[in-house]
Structure formats: C-alpha cells, structure tokens
Amino acid sequence: MLDFNAIGTVVVKNSESGALAEATLTARTIGALDVNLNGIPITFARDNKNRYIATFANLKFELVSG
C-alpha cells in the first residue's frame, strides 16, 4: 500500500495486463494522488477498499507502491 508520506517515484500497475511501470508522484490531496506516467498526468482516487485507482484512455491502473 502506498504510504501517504511517500514522495518521488511510485509503481503503477495496469489492471488488465498486470504490467508495472514507474511514475512520478506530483501532488497529493486527501482522497487523490496525481502522478506523471511517461508525460501523461493521471489522477488516482482512493476507492472504498483504500486502493488508489484511475482510468485513462480506457485503461485501468492501480498504484501498488511508493
């Protein structure tokens, strides 16, 4: 699980393929995290299971570590 105090690089997982990629954490709010994934800004929202998930271009992502 991503630590709220984490800064810098995070690991993002594509939910469909399971592929992992590094992204840069750019901002943090109470219920969301903003990351830059290869130049693409993506906002991850916390779901009811306390996971951070996002959808971009019909792809689903989850933050897996920070």
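Look up: the structure comes first, before these words.
Structure report, in brief. (Residues numbered from 1 in each chain as written. Predicted model: local features only at pLDDT ≥ 70, side-chain atom pairs only at ≥ 80, totals over all residues. Heavy atoms only, no water.)

As for the overall build of the protein chain
Looking only at helices and strands, the protein chain features zero helices and six strands. When its helices and strands are written in sequence order, the protein chain yields β-β-β-β-β-β. Per-residue burial for the protein chain yields a buried fraction of 29% across its 66 residues. Pairs at least 24 residues apart make up 33% of the contacts formed inside the protein chain by residues separated by at least 6 positions. (Helix = DSSP H or I, 4+ residues; strand = E, 2+ residues; numbered from the N terminus. Buried < 20%, exposed > 50% of the residue type's maximum accessible area, 1.4 Å probe, protein only. Contact = heavy atoms within 4.5 Å.)

Let's talk about unusual backbone geometry
Despite not being glycine, Asn-38 has its phi angle at roughly 50 degrees, a positive value. Inspection of the secondary structure puts Asn-38 in the loop between β3 (32-37) and β4 (40-46). Positioned with a positive phi, Asn-58 is a non-glycine residue whose angle comes to about 65 degrees. Given the relative accessible area of 75%, Asn-58 is considered exposed.

Examining the environment of Ser-15
In this fold, Ser-15 is placed in the loop between β1 (9-14) and β2 (20-28). Distance from Ser-15 to Thr-55, taken between C-alpha atoms, is 9.8 Å for residues 40 residues apart in sequence. In this structure Ser-15 touches Lys-60, Phe-61 and Glu-62, once residues within four positions along its chain are discounted.

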